[in-house]
Amino acid sequence: MPLQMFGQGFEIQSAISDHAGDSLLRQLGDSCGLPVGFGSDGIVQLWITPEDLANAKFDKVRMTFEMT
């Protein structure tokens, strides 16, 4: 899974569908070289609404974790 900021993100289960109107802030996966494992093809994504992003309300960021 690629390390990514913004954009579409990598879909494993339903996080992208569940957050269709939100913006992807950050995506972390097993293959990004971190000394942390997320399980078998695991991925962590941080989501924020466009309104909260425009108003810098980062206390309302949502995290999803998915794996195959």
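Up top is the structure.
Read on for an overview of the structure. Along every chain, residues carry numbers that run from 1 in the direction the sequence is written. It should be noted that, the model being predicted, local features are given only for residues of pLDDT at least 70 and side-chain atom pairs only at 80 or more, the latter also being counted only at that level, while totals for whole chains, interfaces and linings use all residues. Neither water nor hydrogens contribute to the side-chain values; these are computed over all heavy atoms in the structure.

## Section: the environment of His19
Here is step 1: Locating His19 in the fold gives a position in the loop between helix 1 (15-18) and strand 1 (23-29).
Here is step 2: Along the chain, His19 and Thr49 lie 30 residues apart, while their C-alpha atoms are 8.7 Å from each other.
Here is step 3: Throughout, a contact is declared for two residues whenever any of their heavy atoms are within 4.5 Å. If near-sequence neighbours (up to four positions away) are discounted, His19 is found in contact with Trp47, Arg62 and Thr64. The secondary structure listing takes helices from DSSP runs of H or I that are at least 4 residues long and strands from runs of E that are at least 2 residues long, numbered from the N terminus.

## Some thoughts on the environment of Ile48
Here is step 1: Here Ile48 lies in strand 2 (residues 43-48).
Here is step 2: For each residue, the accessible area found with a 1.4 Å probe, counting protein chains only, is set against the maximum for its type, and the residue is called buried under 20%, exposed over 50%, and partly exposed in between. What makes Ile48 buried here is its relative accessible area of 1%.
Here is step 3: The spacing of Ile48 and His19 is 29 residues in sequence and 8.7 Å in space, taken between C-alpha atoms.
Here is step 4: Residues contacting Ile48, with those up to four places away along its chain left out, are Asp22, Ser23, Leu25, Leu53, Lys57, Phe58 and Val61.

## A look at the side chain of Asp52
Here is step 1: Mapped onto the elements of the fold, Asp52 is located in helix 2 (residues 50-54).
Here is step 2: Among buried charged residues, Asp52 stands out as having no salt bridge; its nearest opposite-charge side chain is Lys60, 4.5 Å away.
Here is step 3: In contact with Asp52, other than residues within four places in its own chain, are Lys57 and Lys60. By the counting scheme adopted, Arg and Lys are positive, Glu and Asp are negative, and His together with the chain ends is not counted. Criterion for a salt bridge: a side-chain nitrogen of Lys or Arg within 4 Å of a carboxyl oxygen of Asp or Glu.

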